[in-house]
Every structure is written in structure tokens, then in C-alpha cells.
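Single-letter residue listing:
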Amino acid sequence: MSEILRFEPFSSAVEPEFWASVAHHKLHTARLDTAARDVQGSFACGRRHTVRSGGESGQTVAVPARLRVGAGDGSSNGDVVVGGRLHNTNTVEDFKRLDKGALLREAGAAVLEAIQSGRASEDPSLLWAFVVVSFADLKRYRFWHWFGFPAVMADPADTVWSATQGISEAVGGNDDSELEGLVSRCARFVSETRHGAFLAERRNGSWQVHPLSAWDGCMAGDGNSSDVVVGFVDPSSHGSRPGWPLRNLLAWVRRQRLPTRRVRVLCFRDGGLQGVSGAELRQRAQSLVVSVDVAAATEGLLVSGWERDAGGRAAPRVADLSASMDAERLAASALDLNLQLMRWRLAPGVDVARMAGQRVLLVGAGTLGAYAARALLAWGVRRMTFVDSGRVSFSNPARQPLYDFSDSLDGGRPKAEAAADAMRRIFPGVDARAVSLQVPMPAHSVSASEAAATRAAAAELDALVAAHDVVFLLTDSRESRWLPAMLGALHAKVVLCVALGFDSYVAMRHGVKSDSGSMNLGCYFCNDVVAPADSLSDRSLDQQCTVTRPGLAPIAAGTAVELLASVVQHPLGGLAPPPPPTADGDAVDSAVFGAPPHQIRGYLAGFRQHAIVGQAYDRCTACSDVVLDAYRQHGFDFLLRVFNNVVVDEAAPHVPTDQAPPTPDYSYLETLTGLAALHRQTDDIMADIEWSEDGDEGSDDGFEQL
């Protein structure tokens, strides 16, 4: 009595690289697009393996029939490569609601069309196309997925009309050469063509292997000298059940011209035995020969094939890669994901990599420096250097988010070092460096014994500015910003300066000189008509501490970082012009974030904010040409005059001389830049003004008019 033919189902074997490619495609290409895309998988000959223990023969283990899916086709020589369609959803709810029955029927209809059109005869891999539905949780690196292997079913089912035989029993009898020839030719055909199905024809005691497209020619024989077997690469290692690919191969057979409904099928599993002969081949061969009574083709379309779990239930699976992946890599992936999400809906033109690639120098690792560093890290900036000479005090951890109580013990850790360590704890992938350095300042005298150390500090700061793309000025005094501001102008770097009042702040970008040497926007010092002076000596307790409203620093630092983001995303970068004065708050230019303002001044009193523009000043004590030229020509000697406020002759301000007339009212920088002369001109003009105290003749209010 015939029995219903049963099949060993496919089981998916998905490599981690496949999910990595899914994640990359989702982040950088698909984003919110859920259109299906092509993927590839492969399967190979199934084999049973003997597990040995203690040198003795053990149990024979059958390996499940697997379809392997990797980043590429993942195949080796002799594997059958098949195509599939991946449907990746945006949410787990979409994954659950997806009409999986419709997807499988659609895939089955495509298989049937390939059979009926003859395309499957030329390319048998079309018989085994698969589908995958998935949802990628890229924050946790968990991937919900469900594989479907569509099989066009027979109704009624195909049956077995004779007992299944091993290939050694079914072929050649005692003639080893016939078996050797069949195994060798099948293995060679599969290896060379990568076709997973073929026809094996026995004629006059010899086997020949043909593609499926040779069906009609093979069936034209007289039935005596010709013995045709339909063969396929069988991924099953079950002792009697052929693998899942046979289902659609039989669907192909039932739609061919058949002299009889009874077909012999070679389930080929011995691709690795090419070259093996004699008794060894008969012992090791595992291929099966199945005699199938093929049911007639019907008009309807019945499709099955959703993968089942270990319990035999048709259910999706979850690949949790978080435990197998490096934690630091997961953190980096999660950070990049948050940034890429901006591009999906809100700002598709944002160049995340451009912002993340900036090398940032943070001069000052206090309250502003700590908040700026965190905001930069949130933008994906991986390379930053902290410059500070202070130590963490007991008052710092409450206001400065990179420090904790332990940092303030035993005299306090160096701030730059503690800040860099904290950034690495927060995100191990950051390249955070620390430089403990006292920034030399104007009007802070340098003695002869301190000159060498000060020279080294100035040279180190010069090198640091030159090595970074962006410089943040985040110190708590005006004069400490002078040297890095001057060096930023010298090296044409993007410089961001942040300064705090009690309830007000300014966040501004310095102008950058163009290739022609022009600079339209001013720096932090361009609005001043006096040089930076010593503001740190002789201060009372309230003046020694940063007294601001506690919520002001994160607002100001965050504003400065977002100002940098606008500059970086602008096509002109640091040369980007500010918005025109007549533009309203919503006006934008062609850049992703619009035209970056020059200065942003905010006031917590009334919660107001204004964007203003300040032009570059040709007598600026930090960025004017005369200052930059003096540094280029005289280097540290020029700086030493600035620090010591050397008295000079205004006619030759670069060359100090003991015979020069004293100028106690004006500093060296004011003399050098011409501000001292400007003040004298102003004083002369004011002295020439005659103030009248007589009332206007036409006035009848009785008040004096000034």
C-alpha cells in the first residue's frame, strides 16, 4: 500500500553578519522605508555524523536541513544559492500585524509562474525562493524574524509506491563502477553549475547528468535502454525523508510531459564523496532513491512553509545578539542609531559623520566644559581634548556633571584628567584626552624663573589648537580666553566662546579668515576697546566663585554645541554668514539647520534670547592682523610682552626699550593695536568740546539744557 510522501522541513541558520547587514541597511539606506529587498541564502548536501567517545564508535546524529543566510550568499563550492525577499518592519506591532499568509501565497505564486514559464527549467534555484519577515530592535540588538519556505502543495498528496532505498542498494548492484560514476558525475555537475536539481540518465550501463531543461530529450527514449532519475541536492540527513526542496521540484515534475506518473527521485547527499570508490563509497554513501507516485497538477494554488520552532509550532524567532556582541560596540551602535533617527523623518540632509568627525579642543573643564562635552558626545563626537589646570573641589560635583564626590578627595583630582576618565566611563568608544595646563594670560606677569615653563605651555597650547578642528573657550575669566582665541584666529579654526553672567549668557562663534585673508565676523574681544586685564587678583569670596543661576550653564553650553552643529552642517562651514538682520526667527537658508547666527545672547530674566552680529574690528587685541603678525614674527617674545604688559614706544611697539616714554594708562596690547591712540584722540576731542550751561532762548520750561 502506498504511503504519503513526507518531507524534512527547512530550518533557518542565520549568521550574525546577516543581522549586522540588516541593521546597517536600516540605518543608512532604508530608514523608514519598508519595501522588501533581495537577500540570499544557500543549502548543501545533508549528512549524518557519528559522534565518537573514548575512541569508540558512538551514535549517528542527523543534522537538520538548514538554509544558511549570511551577509553575502555564504556559500562554498557545491552549495546551492537561492534568492529570498526580506520584509523588515518599523515596529514590532507592524511585524505582528503583517499578513504573512498573503506573503507566502505571493511567493508560492512566483514559484508556480517560474515553473509554468519554463524559467525554473533553466534556473532551478527559482524553485526554492524564500521569504523573511523581521523587525530589528537596533537599540537592544534583538531581531524578531520568521522564515517562510513556500512549497506548492499537491492535492491529493504525492505518495511513495516503493520502499526508499539507499543509493548503494539502488544503483549498480555489485558493480562499483556504476555507483562511482553516478556519484562522481552528480557531484561534478552540482559543483560546476550550482544547480540544485538535475536529471540523471542511465543508458547502456553508464550514467550521464543533464540540466532540467533536457527533460523532453531524456524522455524521448524507448523506455528500455533509458532510465531517468530526477535528482536534487538534498539538505536532509533523515534516514528516509527527503528534504523540503523536493516539494517544489515535484511541482515542476507534475507540470512536465510524463509518460508515467511514477518517477524515481535521487536525494543527493554525497557531494563530498567525489573521488571515493569501491567498498568505502558504498559504506559512506548516504543518498536516497525514492519512488514517487506524482499527483496530477490542479488549477488551485495551495502553499505552506512557515518555519516552525523547536516545539513544532509555526511561530517567529528572536535573535538576541546583545550577549554575544562586544558591549562597547553595542554602545557605539546605539549612539549612532539615535543620531541616524534624526535623518529618518526630521532632518534627512544631516551629515552625522561630518559632525562626529570633528576634533574638539575644550579649553576649560569646569561647569561649561562638562556640559559641552556631554552634548558633543550626544552628537557622536568621539575625539576631544580637555585643557585645564585646576583640581576638583568639593563644590564642583553638584554643578559639573563629569565629577563625583570621590574626585574631590585628597586635594582633588586634576580636572582635565578626571573629565577625560569620566567621558570614557560614560562611553568607552570616546577618545578623550587630558592636558593639565595653565593657560598664560595677559597682564599676569611672568618672572624670569617662570619663563621656560610659560614658553612650554604656550607652545603646547599652540600645537593643540593646530591639531584640532574646533576650539571651545569655556574658562571663567576674560583674560584666560585671549591666547586660545588668538591662536584660533591664527590657525583659522572654528572657535566657540561661552561666557556667563548671573542670569545671562553669550554663546558665539568667532569669525574665520577666508583664503583671501578677510574676516567679517568678530571674535569675543572685537567689541572691546580695552585689552584684557588681570581680573583674578584681589577678589572677594563671591568674586572667586562662579556665581550664576544653576540652570544657566547647561543652556549656554548646549546652545554653543548646537551652534557648532549648524556651522558644521552649513556648506560654507566656519565662513557661513549669519542670518540677515531682517530675517525673522523662522528664516532659514539652504543649509540643513539654516544660517548659523554669530552671537546668541540669552537672559533668564524674562527668558529672552537674541541673535546679534558683531563685525571684526581692525584694532582687536586678539584677532587683528597686527596682533597675528606680531606673534608670527616674534613668537614667545611677543607673548611675554603681553603677559608682562611691557612699556613700549608707540612708534615701534614690537621692540621694547628702556628709553621709551612710560604709558601707565594703556597696556601693551592697546598700544600695539592702536587702541591707546584711539583713546587719546577721544580724550582730545572731549577736551575740545565746550559745554554750555545757558538755557535755550526758545525754552520755556525753566530747565537748563545740556
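See the structure shown above.
Conventions and cut-offs
- Residues numbered from 1 in each chain as written.
- Predicted model: local features only at pLDDT ≥ 70, side-chain atom pairs only at ≥ 80, totals over all residues.
- Heavy atoms only, no water.
- Helix = DSSP H or I, 4+ residues; strand = E, 2+ residues; numbered from the N terminus.
- Buried < 20%, exposed > 50% of the residue type's maximum accessible area, 1.4 Å probe, protein only.
- Contact = heavy atoms within 4.5 Å.
- 1 Å grid on protein atoms, 1.4 Å probe; cavity = no way out; pocket = protein on both sides within 12 Å on 5 of 7 lines; lining within 4 Å.
- Points joined across faces, edges and corners; volume = space filled by probe spheres on them.
- Nonpolar A, V, L, I, M, F, W, Y, C, P; charged D, E, K, R; others polar.
- Core = buried A, V, L, I, M, F, W, Y, C linked by side-chain atoms within 4.5 Å.
- Salt bridge = Lys/Arg side-chain N within 4 Å of Asp/Glu carboxyl O.
- Phe/Tyr/Trp six-rings, centres within 6.5 Å; stacked < 30°, edge-to-face > 60°.
- Pairing = 2+ DSSP bridges.
- Axes fitted to C-alpha atoms, helices over the stretch in contact; angles between N-to-C directions.
- Parallel < 35°, antiparallel > 145°, perpendicular 65-115°, else oblique.
- Left-handed = near helix turned anticlockwise from the far one by under 90°.
- Expected span 1.5 Å × (residues − 1).
- Right-handed = clockwise from strand over helix to strand, strands pointing away.

Relative to the helices and strands, G271 is located in the loop between β14 (262–268) and α9 (278–284). What makes G271 partly exposed here is its relative accessible area of 33%. As for G271 and A285, which are separated by 14 residues in sequence, their C-alpha atoms are 9.7 Å apart. Setting aside its immediate chain neighbours within four residues, G271 contacts C45 and A187.

Attention shifts here to empty space enclosed by the protein. Space left empty within the atom packing is revealed by a probe, the size of a water molecule, rolled over the atoms. Counted according to the given criterion, the structure contains four cavities of 30 Å³ or more. By volume, the largest cavity amounts to about 90 Å³. Taken together, V22, H25, K26, A30, D33, T34, A35, R37, L86 and N88 form the lining of the largest cavity. Those elements giving two or more residues to the lining of the largest cavity turn out to be α1 (16–30) and β7 (80–89). Here the lining of the largest cavity takes four residues from α1, the largest share from any one element. A class-by-class count of the residues in the lining of the largest cavity yields four nonpolar, three polar and three charged. Of the voids in this model, the second largest cavity is the one considered here, and its volume is about 70 Å³.

Let's shift gears to the nonpolar core. Counting 83 residues, the largest nonpolar core has F130, F143, F198, L249, W252 and L266 as its most contacted members. Top contributing element to this core by residue count: helix α6 (residues 176–193), with seven residues. Non-local contacts of F198, meaning those with residues more than four positions away in its chain, are made with C186, F189, V190, V209, H210, L212, V229, V230, G231, F232, L266 and F268. In terms of nonpolar packing, the next biggest core, distinct from the first, is built from 53 residues, L339, A347, V561 and I600 among them.

Another point: the pattern of salt bridges. Within this structure, the stated rule accounts for 26 salt bridges. Among the salt bridges present, the one from R119 reaches E113, with a minimum N-O distance of 2.5 Å. In this structure R119 comes out as partly exposed when scored by relative accessible area, which is 40%. A salt bridge links D421 to R424, with the shortest nitrogen-to-oxygen separation between them at 2.4 Å. Here D421 pairs with R424, and both are found in helix α14 (residues 415–426), just three residues apart, close to one helical turn.

A word on the packing of aromatic side chains. By the definition in use, this model includes 18 aromatic pairs. Relative to W128, the ring of F43 lies with its centre 5.7 Å away and its plane at 85°, an arrangement referred to as edge-to-face. Taken as a pair, F43 in strand β3 (residues 37–43) and W128 in the loop between α4 (119–122) and β8 (130–137) lie far apart in primary sequence, 85 residues in all. Assessed through its relative accessible area of 0%, F43 is described here as buried. Ring geometry for F130 against F147: centres 6.0 Å apart, planes inclined by 25°, an arrangement best described as stacked. With F130 in strand β8 and F147 in strand β9 (residues 142–152), the pair connects residues that are 17 residues apart, well separated along the chain. For the pair shown, F130 and F147 are each scored as buried. Taken together, the ring pairs connect F10, F43, W128, F130, F147 and F149 into an aromatic cluster.

Right, let's talk about the sheet that holds strand β23 (residues 504–509) for a bit. As summarised here, the arrangement of the eight strands in space is β20-β19-β18-β21-β22-β23-β24-β25, forming an open sheet in which the pairing is mixed. Each of the sheet's edge strands pairs with one partner strand only, and the pair in question is β20 (431–436) and β25 (608–612). Adjacent strand axes in the sheet meet at a mean angle of 15°, parallel and antiparallel pairs treated alike. Across six bridges, strand β19 (residues 383–388) lies against β20 in parallel orientation. Paired with T385 across the bridge in β20 is R433. Helix-sheet contacts for helix α18 (residues 552–569) involve β21 (470–473), β22 (494–500), β23 and β24 (599–603), and the interaxial angle to β23 is about 20°.

Orientation of helix α12 (residues 367–378) relative to α18, taken along the N-to-C sense of each, is 45°, at an axis distance of 8 Å. By the criterion of interaxial angle, the relationship of α12 to α18 is oblique. With respect to the hand of their crossing, α12 and α18 are arranged in right-handed fashion. Contact residues: T367, L368, Y371, A372, A375 and L376 in α12; A553, P554, A556, A557, V561 and L564 in α18.

For α1, with 15 residues, the first-to-last C-alpha span of 19 Å sits near the 21 Å given by 1.5 Å per residue. Those residues of α1 that fall on the buried side of the exposure criterion are F18, W19, V22, A23, K26, L27 and A30. R31 lies just past α1 and shows a positive phi near 55°.

With that settled, consider the pairing of strand β18 (residues 359–363). Along β18, four of the five residues are buried, which leaves the element largely enclosed by surrounding structure. Summarising the sheet, β18 and β19 pair through five bridges and their orientation is parallel. Each bridged residue has a counterpart across the sheet, and for V360 the counterpart in β19 is M384. Crossover handedness for the path β18 to α12 to β19: right-handed. Both β18 and β21 contribute to a ladder of four bridges, which runs parallel. Note on β21: the bridge partner recorded for V363 is L473.

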